[in-house]
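# Architecture at a glance
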Amino acid sequence: MNLSRRSFIKTSLAGSAALGFTGPVVAASQKWFQPTTVAKAKANEVTKFTYHTPNCGCRCAFKCTVRDGKMSIIQPNNWTDNRFSTICLKGISEIDRVYSASRIKTPLKRVGERGEGKFVPISWEEALTEIATKLKELVDQQGGESVLLLRSSGVEHTYEFLTKLLGITKLFWPGIDIGIANTLIESIGGRYYGPTQNQITDWVYSSTIVMLGHNILETTMMDSKFFFDAKEAGAKIIVVDPNYCTTAQKADQWIQIKPGTDNALLLAMISVILDNGWYDVDYLLKNSTSPFLVREDNEQLLRLNDNGEEDVEKNPYLVWDENSNSVKPFNESGIKPKLEGSFTVDGVKVKTVFSTLRDNQQQYTVSWAADITEIDEDIIFELAKDFATRGPAVLDWGYGPIDKMGNADVVGHAGAILGALTGNIGGRIGGSVGSTSHHFAAWEAALSEYPLPPQFQEIELDQTVMPISDLRFKDNPVRAVINVGNTLQQHFANLHKTEEWLNTLDLVVTIDPFHNTSVNYSDIVLPASTAFESEYEIMNLQINRSHVLLSERVIEPLFESKSDFQIEKELLGKLGLDEYHPQTPEDWIAARLDSDDPHLKGITLETLKENDFIMRLNVPDEPWRQFMDNKYETPTQKIEMYHEKFIEDNQALPNFDEALEIHDESLLKKYPLHFTQAHSRYRLHSQFFNVEWLDQITGGPTLEINPLDAKDRNLNTGDVVEVFNDRGSFKVEVKLTEYIRPGQVRLYEGWWTENMIEGNLQNVTNENVTKRHYKLVHGPVIAYADTLVEVKKV
Ligand SMILES: Nc1nc2c(c(=O)[nH]1)N[C@H]1C(S)=C(S)[C@@H](COP(=O)(O)OP(=O)(O)OC[C@H]3O[C@@H](n4cnc5c(=O)[nH]c(N)nc54)[C@H](O)[C@@H]3O)O[C@H]1N2
Ligand SMILES: Nc1nc2c(c(=O)[nH]1)N[C@H]1C(S)=C(S)[C@@H](COP(=O)(O)OP(=O)(O)OC[C@H]3O[C@@H](n4cnc5c(=O)[nH]c(N)nc54)[C@H](O)[C@@H]3O)O[C@H]1N2
Ligand code: SF4
Ligand SMILES: [Mo]
């Protein structure tokens, strides 16, 4: 289907009128942005409470006004902590999105080739029967490994009953947002994505905040308040970014870095701190593996026995004890470990991890880093000094391009070491290392699992064995994909390879409210309702920012759509498995809230309803802070500075590594521009590209390019260009801007193919992974931003 965006909207509008639906679709888009006052409540008006589900990291809570059955106003709901009572333009614009023309109105069946986008409407009965028959056949004949459920991050419903009851494979968060966290987790353990950083409300106690590639004023924009609170309280906020991003504009200092070289910057900071003695000896000895001993013969850490026993209790690491002048197990009481020095133990030469680090750092001087990062030497020196000497400091990073490169792991490891050296990684008010994105750092509570008989087990696709990227290249049993959302566009780099793979599958199903790019590759498409619509009164539950949020139905499902809960239930019905599925979302939520966790005490469906659907957990008033007891979730319970499993990769201690593609000198001759993506304040990944209210402010996709690069290519704002490399190409308009660093071009991620003049931005993105990443807890990161292209006028 190669409809232009406008003709697509026209066609779909005609479609919706034919179905007798002429509500706010037209009215809303004609009357946007008018001054308004909230009219007095009318008789046929009700208030409904919900929260925003897309993955923007803010999770705002909404109070919605429904008039005559139509959602007409969305306002912020009140949190117990009123600093969180917020909403942005995207939230307000949900009215335009929910009633948008790109809603899928009926189940669809593909009639053209995969990717062509030709469909005919079918009934729910036909669609569900066909899917269930195929799934049953596959599972019976080829096992649960043959069916894979992929789910977009913006989808609240987990489909966990389908995966568990049918025993199929699931994959959530595949190789995304884990580039840096992967090695941070290796160093300190901890929660998924390793967000060790203290809650952002703790920033007000910080003296220095260093932000690497994190544009939170757009991407967790409801935290802007805490950014400015910290600044007003005297924190020095330093933003390291190749581009003059919104957050850099509001910071105390912007350091412009060459893309993909943050690891060199952090390595130089480590050297400055070591050379100037700005490290905290007591903290290092108490909380890190810095006194452990590295053997000269095999670079392994010295342990009590050589028998290969991994268990730390049975076979502890050894340290040099000053009291006895001999080696002792690191966890023995009464010892005084030495931080620095070389020793000989039973004929084997050993050196402490700290001394090994010091020696290894000799190569990473400030002048070396200045060449690589293209940052002045004195700026690097001052940055290290600010971080180490001004008091509690935060090292914060984002999950944007900095994370989406082949060398992101080195950033996480170097960051952990910087935190350990300066006493800023656990146990410090106002000091921490990690990401503040998405409010992962907040008080939490453990919800219960819905009880299912033990024979029902889903399979989790192991990302260290079969990363999502490899599904397309390596032999594997997957024959069918159920795509909830838009994963086929979003969760893979190099779309052409994805297309080739999809063409080999027996069944592709997409479940989404909107006609996104993935829909066109699907054999059967099921129209999900949006997160505002349901057959049931209560919809879902979330724990976020130390609160429990409950959502209720705002409106009835539009068109023939069904809620995800209902789709899953009916599909399981066709498979004869629905007796185990909860009867209503309310039953499911009640079971989850039935938990022993003291943080959930007094929080029930009833009390939530009484409190406008939002309650603070039973937790202390102060911000949540990570590892305040300095007991880390690693085998040694210490900050593990030396990573033995990466000895053969020369990464036992962090060593400089170039990105996969963007620093490749020979490829740069052919494709001299670094193609980077970022997240826009006006959109959420691939969502809100179908919202006219937002279109009127931001317009369509534009490739941003620095005027210097544009001049070389004879380009002016508004010209159409082809962006290409050996993988493929796409066409868009260009916009000249000095905001983008020369040598880079940028397009916000997420645009659907139909928004582009031709192609998809994923046609050019880098599908290669870094081999050593297979050994990391979440497997290789997808290096979307590690991509070179050339641009030419067409
Ligand atoms: N090239 C490139 N690719 C990227 C990135 C990049 O920077 N560059 N960023 C990556 C990152 S960080 C992330 S997190 C991912 C995000 O990518 P995804 O995880 O795919 O997230 P979204 O694009 O938000 O997709 C959400 C989908 O769910 C649908 N949806 C919304 N509500 C419902 C509902 O109630 N039910 C159902 N069934 N569907 C619903 C929406 O219509 C939309 O299609 O993208 C990654 N992809
Ligand atoms: N409005 C909105 N909010 C979102 C999202 C969204 O799509 N829309 N997505 C959410 C999700 S899932 C994610 S993962 C986050 C992502 O949000 P962020 O983590 O903030 O990531 P980006 O906006 O992609 O990029 C942040 C900055 O990194 C800079 N950068 C690029 N390359 C480098 C580099 O090599 N080094 C350094 N130091 N900086 C670099 C870019 O110029 C950009 O300013 O946002 C979340 N919040
Ligand atoms: S998109 Fe906007 S309204 Fe929705 S959660 Fe994010 S900041 Fe809040
Ligand atoms: Mo993300």
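Residues numbered from 1 in each chain as written. Chains lettered and ligands numbered in written order. Predicted model: local features only at pLDDT ≥ 70, side-chain atom pairs only at ≥ 80, totals over all residues. Heavy atoms only, no water.

Attention now goes to the side chain of threonine 220. Tracing the backbone through its elements, the reader meets threonine 220 in the loop between α8 (216-219) and α9 (224-232). Looking at threonine 220, the relative accessible area reads 0%, which means it is buried. (Helix = DSSP H or I, 4+ residues; strand = E, 2+ residues; numbered from the N terminus. Buried < 20%, exposed > 50% of the residue type's maximum accessible area, 1.4 Å probe, protein only.)

All right, on to the nonpolar core then. One finds Leu212, Ile270, Leu395, Leu421 and Ile425 to be the most contacted residues of the largest nonpolar core, which totals 65 residues. For this core, the leading source of residues is helix α11 (residues 262-275), giving 9 residues. Aside from chain neighbours lying at most four places away, what touches leucine 212 is Val240, Asp262, Leu266, Leu395, Asp396, Trp397, Gly398, Ile402 and Val411. One finds Ala127, Phe456, Tyr536 and Leu575 within the second-largest nonpolar core, a separate group that totals 38 residues. (Core = buried A, V, L, I, M, F, W, Y, C linked by side-chain atoms within 4.5 Å. Contact = heavy atoms within 4.5 Å.)

Hydrogen bonding along the main chain pairs the strands of a sheet, whether they run parallel or antiparallel. Spatially, the 8 strands line up as an open sheet ordered β5-β4-β21-β20-β19-β6-β7-β18, and their pairing is mixed. Either end of the sheet is taken by a strand with one partner, and the two such strands are β5 (119-121) and β18 (459-460). Sheet topology note: the strand β4 (residues 108-110)/β5 ladder contains 3 bridges and is antiparallel. Residue pairing in the sheet places leucine 108 in a bridge with proline 121 of β5. (Pairing = 2+ DSSP bridges.)

A few words now on the confidence of the model for the chain. When pLDDT is averaged across the chain, the result is 93; 94% of the residues are at 70 or more. In this model, residues 1-33 is a region of pLDDT below 50 whose contacts with residues beyond four sequence positions or in other chains number 49 contacts. (pLDDT = per-residue confidence, 0-100.)

A separate point is the site of ligand 1. Close to ligand 1 lie 33 residues; Ser152, Ser153, Asp512, Asp564 and Ser686 are nearest. Between ligand 1 and serine 152, the relevant distance is 2.6 Å, taken from an oxygen atom to a side-chain nitrogen or oxygen of the residue. Measuring from an oxygen atom of ligand 1, one finds a backbone N or O atom of serine 153 at 2.6 Å. Summarising the interface, the protein chains cover 97% of the accessible area of ligand 1, which totals 910 Å² for the free molecule. Partitioning the shell around ligand 1 into residue classes produces 12 nonpolar, 16 polar and 5 charged. (Near = heavy atom within 4 Å. Polar contact = N/O pair within 3.5 Å; in protein donor to acceptor, adjacent residues only side chain to side chain. Areas by Shrake-Rupley, 256 points an atom, 1.4 Å probe, with all protein chains shown as cover. Nonpolar A, V, L, I, M, F, W, Y, C, P; charged D, E, K, R; others polar.)

What follows concerns the sheet that holds strand β16 (residues 393-397). Read from one edge of the open sheet, 5 strands run β10-β9-β8-β16-β17, paired in parallel fashion. Two strands in the sheet have a free side with no partner beyond their single neighbour: β10 (253-255) and β17 (432-434). Averaged over all neighbouring strand pairs, the angle between strand axes comes to 15 degrees, with direction disregarded. With 3 bridges connecting them, β16 and β17 associate as parallel partners. Following the sheet pairing, leucine 395 is matched in β17 by valine 433. (Axes fitted to C-alpha atoms, helices over the stretch in contact; angles between N-to-C directions.)

With respect to the element layout, lysine 136 can be found in helix α5 (residues 124-142). According to the relative accessible area criterion, lysine 136 is partly exposed, its value standing at 42%. For the pair formed by lysine 136 and leucine 166, sequence separation is 30 residues and the distance between their alpha carbons is 8.5 Å.

Once that is clear, we can look at a nonpolar patch on the surface. Where nonpolar side chains cluster on the molecular surface, the patch consists of Val204, Tyr205, Ile429 and Met628 and spans about 350 Å² of accessible area. The topology assignment puts tyrosine 205 in the loop between α7 (181-188) and β8 (208-212). Residue class for tyrosine 205 comes out partly exposed when judged on its relative accessible area of 46%. (Patch = residues over 30% accessible without salt bridge, like charges linked within 9 Å, V, L, I, M, F, W, Y side chains within 5 Å. Salt bridge = Lys/Arg side-chain N within 4 Å of Asp/Glu carboxyl O.)

Among the residues making up α9, those that are buried are Ser224, Phe226, Phe227 and Ala230. In this structure, the buried residues of α9 make contact with β8, α8, β9 (236-240) and α10 (246-250). One or two steps after α9, the chain reaches glycine 234, where phi turns positive at roughly 110 degrees.

To continue, consider the site of ligand 2. Not every one of the 34 residues close to ligand 2 is listed here, only the nearest: Thr219, Asp241, Asp262, His679 and Arg683. For ligand 2, a nitrogen atom lies 3.0 Å from a polar atom in the backbone of cysteine 56. The protein chains hide 99% of the 910 Å² of surface that ligand 2 would expose on its own. Per-class residue counts for the shell around ligand 2 are 13 nonpolar, 13 polar and 8 charged.

So, on to the layout of surface pockets. If you add up the space inside the largest pocket, you get close to 1,600 Å³. Together, 44 residues line the largest pocket, and Arg151, Thr158, Phe172, Trp173 and Gln542 are the ones closest to its centre. Going through the elements one at a time, β6 (147-151), α6 (160-166), β7 (169-171), β22 (538-544) and α20 (585-593) are the ones with two or more residues in the lining of the largest pocket. (1 Å grid on protein atoms, 1.4 Å probe; cavity = no way out; pocket = protein on both sides within 12 Å on 5 of 7 lines; lining within 4 Å. Points joined across faces, edges and corners; volume = space filled by probe spheres on them.)

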